[in-house]
Each structure stands twice: as structure tokens, then as C-alpha cells.
Amino acid sequence: MRITWITEDKHSSSFVEYGTLPGRYDSMAEGECTSYNYLLYSSGKIHHTVIGPLEHDTVYFYRCGGQGPEFQLKTPPAQYPITFAVAGDLGQTGWTKSTLDHIDQCKYDVYLLPGDLSYADCMQHLWDSFGRLVEPLASARPWMVTEGNHEEENILFLTDEFVSYNSRWKMPFEESGSTSNLYYSFEVAGVHVIMLGSYADYDESSEQYTWLMSDLSKVDRTRTPWLLVLFHVPWYNSNKAHQGAGDDMMAVMEPLLYAASVDLVIAGHVHAYERSKRVYNGRLDRCGAVHITIGDGGNREGLAHRYINPQPNWSEFREASFGHGELKIVNSTHAFWSWHRNDYDESVKADDIWITSLVGSGCVDHKRHELRSMLMTP
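Going by what an unreviewed UniProt entry lists, the chain is known as Purple acid phosphatase and is assigned to Cicer arietinum. Reading the Sequence similarities (unreviewed entry) entry of the UniProt record for the chain gives the comment "Belongs to the metallophosphoesterase superfamily. Purple acid phosphatase family." UniProt, in the comment section headed Catalytic activity (unreviewed entry), describes the chain in these words: "a phosphate monoester + H2O = an alcohol + phosphate".

K.L.:
It is not clear to me how the sheet that holds strand β12 (residues 143-145) should be interpreted in this structure. Could you clarify?
P.N.:
Adjacent strands of a sheet form backbone hydrogen bonds with each other and so pair up, either parallel or antiparallel. Strand order in the open sheet formed by six strands is β12-β11-β10-β21-β22-β23, with mixed pairing between adjacent strands. Lying at the two open borders of the sheet, with one neighbouring strand each, are β12 and β23 (346-356). On average, adjacent strands in this sheet sit at an angle of 20° to one another, irrespective of strand direction. The pairing of strand β21 (residues 323-329) with strand β22 (residues 334-343) spans seven bridges and is classified as antiparallel. Bridged to Lys328 within β22 is Phe336.

K.L.:
Got a minute to help me understand the UniProt feature "domain: Purple acid phosphatase C-terminal" (unreviewed entry) in the chain in this structure?
P.N.:
Cross-referencing UniProt, the feature "domain: Purple acid phosphatase C-terminal" (unreviewed entry) maps to residues 289-348 in the present numbering. Helix makes up 0% of residues 289-348 and strand 52%, whereas the separation of the span's terminal C-alpha atoms amounts to 26 Å.

K.L.:
Explain the domain arrangement of the chain here, please?
P.N.:
By a widespread convention, an interface's size corresponds to the accessible area lost as its parts come together. When its domains are assigned, the chain resolves into domain 1 (2-71) and domain 2 (77-376). Inter-centroid distance (C-alpha atoms) of domain 1 to domain 2 is 27 Å. Counting the surface lost from both domain 1 and domain 2, the interface buries some 1,500 Å², and carbon and sulfur atoms represent 56% of this. Where Lys170 meets Glu32, a salt bridge forms, and the shortest distance between an N and an O atom there is 2.5 Å. Where domain 1 packs against domain 2, one counts nine residue pairs in polar contact (both at pLDDT 80 or more). Looking at the side of domain 1 that touches domain 2, the elements that each hand over two or more residues are β1 (2-7), β4 (32-34) and β7 (45-50). With three residues, β1 is the single largest residue contributor to the side of domain 1 that touches domain 2.

K.L.:
What am I meant to see in a negative patch on the surface here?
P.N.:
Residues Asp201, Asp203, Glu204 and Glu207 make up a contiguous surface patch of negative charge. Tracing the backbone through its elements, the reader meets Asp201 in the loop between β14 (191-195) and α4 (207-218). Overall, the relative accessible area of 62% leaves Asp201 in the exposed class.

K.L.:
Is there a simple way to think about the pairing of strand β10 (residues 82-86) in this case?
P.N.:
Along a regular strand, successive side chains alternate from one face of the sheet to the other. Within β10, five of the five residues are buried, which leaves it mostly tucked inside the rest of the structure. Residue alternation in β10 divides its side chains into two sets, Ile82, Phe84 and Val86 and Thr83 and Ala85, and both sets are buried. Relative to β21, β10 runs antiparallel, the two being bridged by five bridges. Residue pairing across strands places Ala85 opposite Glu326, the latter belonging to β21. Considered for its hand, the β-α-β crossover made up of β10, helix α1 (residues 94-104) and strand β11 (residues 110-113) is right-handed.

K.L.:
Teacher, can you tell me more about the sheet that holds strand β3 (residues 27-30) here?
P.N.:
The antiparallel open sheet is built from four strands, whose spatial order is β3-β2-β8-β9. In this open sheet, the two edge strands, each paired with only one partner strand, are β3 and β9 (71-74). With strand direction ignored, the average angle separating the axes of adjacent strands in the sheet is 30°. Here four bridges tie strand β2 (residues 15-19) to strand β8 (residues 59-64), and the two strands are oriented antiparallel to one another. The partner of Glu17 across the bridge, within β8, is Arg63.

K.L.:
Help me understand the UniProt feature "domain: Purple acid phosphatase N-terminal" (unreviewed entry) in the chain, please; the structure alone is not making it clear to me.
P.N.:
Cross-referencing UniProt, the feature "domain: Purple acid phosphatase N-terminal" (unreviewed entry) maps to residues 1-75 in the present numbering. As annotated, residues 1-75 comprises 0% helix and 51% strand, and the C-alpha atoms at either end are separated by 8 Å.

K.L.:
What is the right way to read the packing of aromatic side chains from this model?
P.N.:
Aromatic rings in a pair are described by how distant their centres are and how their planes are angled relative to each other. Inspection of the entire model under this criterion finds 16 aromatic pairs. Judged by centre distance (6.4 Å) and plane angle (65°), the rings of Tyr18 and Tyr60 are edge-to-face. Of the two residues, Tyr18 is situated in strand β2 and Tyr60 in strand β8; the sequence distance between them amounts to 42 residues. Like Tyr18, the residue Tyr60 is buried in the burial classification. Ring geometry for Phe336 versus Trp354: centroids 5.1 Å apart, planes at 55°, classification tilted.

Cut-offs applied
Residues numbered from 1 in each chain as written. Predicted model: local features only at pLDDT ≥ 70, side-chain atom pairs only at ≥ 80, totals over all residues. Heavy atoms only, no water. UniProt positions renumbered as here; feature names shortened; annotations may be inferred. Pairing = 2+ DSSP bridges. Helix = DSSP H or I, 4+ residues; strand = E, 2+ residues; numbered from the N terminus. Axes fitted to C-alpha atoms, helices over the stretch in contact; angles between N-to-C directions. Domains from an automatic or database assignment. Buried area = accessible area lost by both parts, 1.4 Å probe. Salt bridge = Lys/Arg side-chain N within 4 Å of Asp/Glu carboxyl O. Polar contact = N/O pair within 3.5 Å; in protein donor to acceptor, adjacent residues only side chain to side chain. Patch = residues over 30% accessible without salt bridge, like charges linked within 9 Å, V, L, I, M, F, W, Y side chains within 5 Å. Areas by Shrake-Rupley, 256 points an atom, 1.4 Å probe, with all protein chains shown as cover. Lys, Arg positive; Asp, Glu negative; His and termini not counted. Charge placed at Lys NZ, Arg CZ, Asp CG, Glu CD. Buried < 20%, exposed > 50% of the residue type's maximum accessible area, 1.4 Å probe, protein only. Right-handed = clockwise from strand over helix to strand, strands pointing away. Phe/Tyr/Trp six-rings, centres within 6.5 Å; stacked < 30°, edge-to-face > 60°.

See the structure below:
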């Protein structure tokens, strides 16, 4: 597990003490640090320290830099069942606080965030306030995120438009063979999760495309029967907001995901919720992925209420409300997805479905040759 924290003290050390009992730390790990400047803003000292190896499904107590409060985290289980909490486009509003409160109540193991975290939009102090807002949850469970358009802070003469995001939210890209923090993969409890970058180059000559082909070629569906993909801009969207925004990436990468028999694709960007039937190339396909748009975490821009009518045949459920999703992988063949609407202080389940892994459908074996052929194409 990588622990990240920020201190104003430039001389503070990047080590973490940890153990399985409160106040008793029998292990310690040294890490690295960074910082960045953005116009007149100078960040604090940003520490990244990897601790472990850790036991699965175990509570650890830890302290950062030899001082300050004690935190505790729970590691994910080694096998099913495992529960993912999901919500994108968080921001820092009252609705965001409701979403986080509801996620905190759902007994999740890992949080998946498909882009648009702080909505800092070049106002760097909002990255700091976002860190304080999510600390109670992000210090206790793994938060796995990818970038959205609000992480791309473009101003004149700034060479790295993702400097804030990359400095603060370091994901395991190097560990998964990626050259960029904007896309990576990881495995947990029988699930292979790929986090793609909607705002990194993705054409067939790009590093991301080459990396994705390589990553898919290494997936072992006997070890990880479930294959999930997340990115920010949805490919299947019947909302009038951001219509067609994901078409170019979809044209390039959807054939790869289809050939690899991806089970579920999760995106954000559109400030509403939508769930598709299994679909590929715009048509219903029993071997295609279920696509979920869940950019409804609570951002300050509000909800996207206007939908295209009639509803496309691939669209199963859609609603413009803030909320979050829960994905419980029960075993190697079955998962239960539910979406929970924010009804002021209450979390109300408004949509749910059992999903069967494509491993048990015959699709994986049928398409294995197709994937091999694509991977061998020069």
C-alpha cells in the first residue's frame, strides 16, 4: 500500500511506522518526497511511502513521519467476496459530503474514482482542501483514481498540465509497466482493473495503446476471472451532455477491450447515472461489456438532466441524480451492482443488477484467438 501525505515542514521525514495494534509499530518503511510550484503557489512537502508486504483483510495502524495522529487502514481480502465503491466527478460540495458519508457506510474494500477529483481548476488551495475532505476515507481504504478533464490544469508556459494531480495522487503505474501516472492497472482478489487515461494519447501509435495491448496480453482469467476498465469520458452515453466526446477513443480501443472480454466499463464526466446492457460497436452483444456512467459524485457544476429520446435500446437505466455505486464481486462468475441515489441524508438504492462474468459465458474462449491476432498486428 502506498501512503501519501503532505506537510508544511520541509524538513519532515518520509517514513511510515505501522503495525497491527494501536500505538505499537513493529515495522517501518522509508519513502520518497516531491513538491511543485504553480504560478505563485508552492505546495507542501508531498510524501509517498510504500508499506508492506501486508496481510490480506487485516487492519493496520500507522503514523506518518514519526509524529501526528495515528491512522488505521484495512487491506482488501485475498479472495472473493470483495466490494468496490464507485463514484466520479466528486468536487467539494454538500452533495460531495453526502456521497462520501454514504460510501463510508457501505463497508467497501476499495474505492474506484473515474476522474474529476477536486475541481481545483488551477486554484491550488482547493487541492489541499480536497485532501482534508477525503482524508477520513482515503486514509482507511485504498483509493484508486484516474484523471478527468478537471485534473488537466492548462495555462500558458506550464509544460505539465497534470503536475498537481501527478504530484499528489501517485498510482502504481510503474509497478504495472506503464510510463505514465495517467494509466495503469492493478489486481485485487481475483479482479484485474485497468485505469485508462482519456486525456493521454490513445491512438494506435501511442504509448498508452501499446501498454494496453501488453497489459491485456498478461491477464490470466484463471487467476483474475473478472476484468474491469475505468476511464473518464464515457463511450455509451444517451445524455445530451458531452455527446460524442468519447467517440475517438472508443473507435481505437473498444475492439481491444471486446477481444479481451472486458466485463464492465466504468466512466464519469457526464453528471448523471446510466447503465447499459451488454453492448459492442453500438449494438447489443452478449459478449460485450456493461457500460456504467457515474459522474454523479456531487460536483459544483450540477446535474445533467437532459436525455436523448427515445432511449437507445442499449441503455437499461438512466437518472440525473447524485449518488454512488457499489460493486460486490461475489465469486468468479457472479457480481452484484447497485446504484444508490443521494436523497438528502439518506442513501436510496435506485438500480441494481446481477452481472455474470464473461468467463462463464464462452465468450473468453471464443475471442481468445481474436485477441492474439490483434496483439500480433505490427
